[in-house]
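Here is how the chains run, residue by residue.
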Amino acid sequence: VTRSPAGMVPHAHNNLLQVGVDLGVPGLVAYVGMLTSFALCAWRINRRSAGRTPRLLAAGLFAGVLAHQVYGLTDAITLGAKPGFLLWMLLGLMASFYRLEMTGAEGGRQQVHAG
């Protein structure tokens, strides 16, 4: 909670600014890095997956986090707030899905080369 001439301000009305206020510059850099790696995982799944279902699932997860970040341009759901677990859930789902997809793709490539 910050004081201003207009009164009490409960949080910054920008998601990235709020993360910077809560966690400092190193935390903001880590948060942006985490979002960047999330986007790269979605992009790699979209480029490398042979099936339609994995690409659609990755696109859906990406759209959910993108919607959260677009909403965060005008208001912020702080990282520790009750609905904040949804962001962490989407990030975790993408990380596990990426690992499953890339392990499966590499395993398929190894079997093709071996046989």
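Above this note sits the structure.
To keep things clear, this report deals only with the structure shown in the data block. None of these values were measured; they are calculated from a predicted model.

1. Things to note about the packing of aromatic side chains
How two aromatic rings sit relative to each other is given by the distance of their centres and the angle of their planes.
Piece 1. Under the defined criterion, the tally for this structure stands at one aromatic pair.
Piece 2. Judged by centre distance (6.5 Å) and plane angle (15°), the ring pair of F38 and F62 falls under stacked. Note that F38 is positioned in helix 1 (residues 15-48) and F62 in helix 2 (residues 52-71), a separation of 24 residues in sequence.
Piece 3. Residue F38 is classed as buried on the basis of its relative accessible area of 5%.

2. Description of the side chain of Q69
Piece 1. In this structure, Q69 sits in helix 2.
Piece 2. By relative accessible area, Q69 is classed as buried at 17%.
Piece 3. A polar side-chain atom of Q69 sits 3.2 Å from a polar atom in the side chain of H68.
Piece 4. In contact with Q69, not counting residues within four places along its chain, are N15, L16, Y31 and L35.

What counts and how
- Residues numbered from 1 in each chain as written.
- Predicted model: local features only at pLDDT ≥ 70, side-chain atom pairs only at ≥ 80, totals over all residues.
- Heavy atoms only, no water.
- Phe/Tyr/Trp six-rings, centres within 6.5 Å; stacked < 30°, edge-to-face > 60°.
- Helix = DSSP H or I, 4+ residues; strand = E, 2+ residues; numbered from the N terminus.
- Buried < 20%, exposed > 50% of the residue type's maximum accessible area, 1.4 Å probe, protein only.
- Polar contact = N/O pair within 3.5 Å; in protein donor to acceptor, adjacent residues only side chain to side chain.
- Contact = heavy atoms within 4.5 Å.

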